[in-house]
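Observations on the model geometry
Here is what each chain is made of, one letter per residue.
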Amino acid sequence: MQRISRSIFSGNILNSMSKLIGTHSGHFHCDEALAVWMLRQTDAFKDASLVRTRDPAKLAEADVVVDVGGVYDPSQHKYDHHQRGFVETFDEKHSTKLSSAGLVYKHFGREVIANLTSKPENSEEIETIYQKIYNDFIEALDANDNGISAYPSDLTPLFKESPTSLPSRVGQKNPAWNEELTDPEIDARFVEASNMAGGELKDHIHGLTSSWLPARSLVVDALEHRNEVHLSGRILALEQSCPWKEHLMDLENERGLTGDKSILYVLYPESKPEGNWRIQCVPTRPTGFENRKSLPESWRGFRDGELSQISSVEGCIFVHAGGFIGGNKSRHGAYEMARLSLDL
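Here goes a summary of the coordinates provided. If you're wondering where the values come from, they're calculated on a predicted model, not measured in any experiment.

Rules used in this analysis
- Residues numbered from 1 in each chain as written.
- Predicted model: local features only at pLDDT ≥ 70, side-chain atom pairs only at ≥ 80, totals over all residues.
- Heavy atoms only, no water.
- Helix = DSSP H or I, 4+ residues; strand = E, 2+ residues; numbered from the N terminus.
- Rg over C-alpha atoms; globule rule 2.2 N^0.38 Å.
- Buried < 20%, exposed > 50% of the residue type's maximum accessible area, 1.4 Å probe, protein only.
- Contact = heavy atoms within 4.5 Å.
- Areas by Shrake-Rupley, 256 points an atom, 1.4 Å probe, with all protein chains shown as cover.
- Core = buried A, V, L, I, M, F, W, Y, C linked by side-chain atoms within 4.5 Å.
- Polar contact = N/O pair within 3.5 Å; in protein donor to acceptor, adjacent residues only side chain to side chain.
- Pairing = 2+ DSSP bridges.
- Axes fitted to C-alpha atoms, helices over the stretch in contact; angles between N-to-C directions.
- Salt bridge = Lys/Arg side-chain N within 4 Å of Asp/Glu carboxyl O.
- Right-handed = clockwise from strand over helix to strand, strands pointing away.

What to know about the overall build of the protein chain
Secondary structure summary: the protein chain contains 10 helices and 12 strands in total. Since a compact globule built from 344 residues should have a radius of gyration of about 20 Å, the 26 Å found for the protein chain marks it as more spread out than a globular shape. Projected onto its principal axes, the C-alpha coordinates of the protein chain cover approximately 85 × 45 × 35 Å. Residues counted as buried form 46% of the 344 residues belonging to the protein chain. Across the protein chain, every contact between residues at least 6 apart in sequence was considered, and the portion connecting residues at least 24 apart equals 61%. As displayed, the protein chain has an accessible area near 18,100 Å², and 49% of this comes from carbon and sulfur atoms.

Side note on the nonpolar core
Among the nonpolar cores identified, the biggest contains 46 residues, and Leu34, Met38, Tyr105 and Ile133 are the most heavily contacted of them. When contributions to this core are tallied by element, the ones reaching two or more residues are helix H1 (30-39), strand S5 (64-66), helix H3 (100-117), helix H4 (124-145), helix H5 (166-171) and helix H6 (183-224). Here this core takes nine residues from H6, the largest share from any one element. If sequence neighbours within four positions are ignored, methionine 38 has contacts with Ala101, Val104, Tyr105, Val112 and Leu201.

Looking at the side chain of threonine 42
With respect to the helices and strands, threonine 42 occurs in the loop between H1 and strand S4 (49-52). Residue threonine 42 is classed as buried on the basis of its relative accessible area, which comes to 1%. Within the structure, threonine 42 has its side chain in polar contact with the backbone oxygen of leucine 39 (distance 2.6 Å).

Details of the sheet that holds strand S12 (residues 325-328)
Reading across the sheet, the five strands line up as S8-S9-S10-S12-S11 and stay open at both edges, with mixed pairing between neighbours. At either margin of the open sheet sits one strand with a lone partner, and together these are strand S8 (235-237) and strand S11 (316-319). Each neighbouring strand pair of the sheet contributes to a mean axis angle of 15 degrees, computed without reference to strand direction. Bridging between S11 and S12 involves three bridges; their strand directions are antiparallel. Across the sheet, the residue bridging to valine 319 is glycine 326, located in S12.

Looking at the pattern of salt bridges
Under the defined criterion, the tally for this structure stands at 15 salt bridges. In this structure, lysine 132 and aspartate 136 form a salt bridge, with 2.4 Å as the shortest nitrogen-oxygen distance. On the criterion of helical spacing, the pair formed by lysine 132 and aspartate 136 is a turn pair, its members being four residues apart in helix H4. Taking relative accessible area as the criterion, aspartate 136 reaches 42% and is therefore assigned partly exposed. Residue glutamate 224 is joined to arginine 255 by a salt bridge in which the shortest nitrogen-to-oxygen separation is 3.9 Å. Within this pair, whereas glutamate 224 is found in helix H6, its partner arginine 255 is found in helix H8 (residues 245-255), the two being separated by 31 residues in sequence. Shared partners join several salt bridges into a network, and the residues in it are Lys132, Asp136 and Glu246.

Things to note about the pairing of strand S3 (residues 20-23)
Alternating positions in S3 separate into two faces, Leu20 and Gly22 on one and Ile21 and Thr23 on the other, with burial throughout. Pairing of S3 with S4, which is carried by four bridges, proceeds in the parallel orientation. What sits directly across from threonine 23, in S4, is arginine 52. Handedness of the crossover joining S3 and S4 through H1 is recorded here as right-handed. Across two bridges, S3 lies against S5 in parallel orientation.

Observations regarding the pairing of S12
Residue alternation in S12 divides its side chains into two sets, Ile325 and Gly327 and Gly326 and Asn328, and both sets are buried. Where strand S10 (residues 277-281) and S12 come together, four bridges link them in antiparallel fashion. Following the sheet pairing, glutamine 280 is matched in S12 by isoleucine 325. Hairpin connection of S11 to S12: five residues between the antiparallel strands, including glycine 323 at a positive phi of 75 degrees.

Some thoughts on the environment of lysine 106
Here lysine 106 shows up in helix H3. Taking C-alpha positions, lysine 106 is 9.0 Å from aspartate 91, a pair spaced 15 residues apart along the chain. One polar contact links the side chain of lysine 106 to the main-chain carbonyl oxygen of threonine 89, over a distance of 2.9 Å.

Structure representation (structure tokens):
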């Protein structure tokens, strides 16, 4: 039977060769908006049309159905999460129940990333990005749609959540309670929301591939050569300044570098290797200022010649009063600050 349908995405009549994505009509959320966008980044559904309906007969004509229908069966391309007994998570390491966004990402995420980055789907880079995007981007959407709070319910938030989160902005595309729109107008709003959510995911993927992954490579290289910097292996020297905290802690966990094997200090140039260098303490967590081992208390708050005299290290520029970072005019000077700090 030839399928004739009107594409919500393009407004054009599509013939039987086109695939059809089905989702529910009415009020929409971020999870199905993003799920639909991700499907349209895949080879199978890149030119698919879209039907928004709750009519089972019309949904039965769809090649893939998301967020409606009460069935999760990837072999039939059915990705709903509302049915009783649904407990699917991303993997055994995660406890957050998946939404339609998480379900589509679980099964199509690697292909989506590969198509957006032109990298082989089975590469280590794609797998690294695939895991990180779920942790940093998708899981929060799953939790939001399933009513899972980020903190215990017996705690009172200190402030209201911002209305600028992605789920909030998608929700704002829905008609207001006192706004009357036709079904085609609401469908058009859905497409706007889908493209907005997808655009943010696309930008996030681009940032990971163009900035985050190259930084990880620098940290990997420095970690592999750490014993050449100091025999203890607890001083890391980066040849270029880059975001390193998250990468270092992830790599330490992967390689079992804990306890007395963990890194204490990271050295890196402010701009060029022949210029000034920084020494920074490794924090106990990526976003904190509590350090595994701070710079010596006797150095803190001093600068320049006075600091060099106190520390017996030439070329000192400063040590922050908080003891988490310092500077020197050379790599060797920064190294000497780290070497002495290990034992002080």
